[in-house]
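Summary of structural features
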Amino acid sequence: MIQHAKISEIPDILDITDSCRRHMDSQGIYQWTDEYPSKKQFEIDMERKELYTLKEGDKLIGCIVLSTLMDKEYEEVEWLTPNNNNIYVHRLAINPSYQGNGYAQQLMAYAEAYARTNDYSSVRLDTFSQNKRNQRFYEQRGYQKLKDIYFPQQSDHPFHCYELVF
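I will try to describe carefully the structure that is included in this document. Just so it is clear, the structure is predicted and the values come from calculations on it, not from any experiment.

Focus on unusual backbone geometry
With an omega of -5°, the peptide bond between Tyr36 and Pro37 qualifies as cis. Following the sequence through the fold, Pro37 ends up in the loop between helix 1 (10-26) and helix 2 (39-47). For Arg91, which is not glycine, the phi dihedral falls at a positive 50°. Mapped onto the elements, Arg91 comes out in strand 4 (residues 86-94). You can call Arg91 buried: its relative accessible area is 10%. One non-glycine residue, Asp119, lies in positive phi territory at about 60°. Tracing the backbone through its elements, the reader meets Asp119 in the loop between helix 3 (103-117) and strand 5 (122-128).

In structure tokens, the structure reads:
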């Protein structure tokens, strides 16, 4: 079940994102850091009602943020649609013990259905240039790769921007 996150779930969400960070680190993918994603950022996401969780029974499996705010790093990207009616996906994470079972597909299908239902023009996101698995994941869903952006506090490597237009 996918639903708005509860404040009481933040510790579990942080456990999942930290597990994801360690799992990616073990594969030489240094996408997330000890500082990102942070408790403070998830609290802001929750206040804005943009943080969602995926549960199987009582077990929290993953999370996703669906935001209408464009990060300043995205301002220089030549998007395929105008910048006034879009959803941005951030901080998608699936507990590594549950990866490979279609849970990320469920979260993205939810995000895309939410965008269509609410008449958004597109779904936008970025993914780390060193994370080939994520790139294939989004490209197989029909996302178009656009410009690279940088988050120097996270990595010297770029992040690829993607957009799915409806």
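A short note on helix 1
Relative to the 24 Å expected for 17 residues at 1.5 Å per residue, helix 1 spans 24 Å between its end C-alpha atoms, a close match to the ideal helical length. For helix 1, the complete set of buried residues consists of Ile10, Ile13, Ile16, Thr17, Cys20, Arg21 and Met24. One side of helix 1 carries all its buried residues, which in axial view fall inside an arc of 140°. In the stretch just after helix 1, Gly28 is the one whose phi turns positive, near 75°.

What counts, and where the lines are drawn
Residues numbered from 1 in each chain as written. Predicted model: local features only at pLDDT ≥ 70, side-chain atom pairs only at ≥ 80, totals over all residues. Heavy atoms only, no water. Helix = DSSP H or I, 4+ residues; strand = E, 2+ residues; numbered from the N terminus. Buried < 20%, exposed > 50% of the residue type's maximum accessible area, 1.4 Å probe, protein only. Expected span 1.5 Å × (residues − 1). Arc of directions from axis to C-beta.

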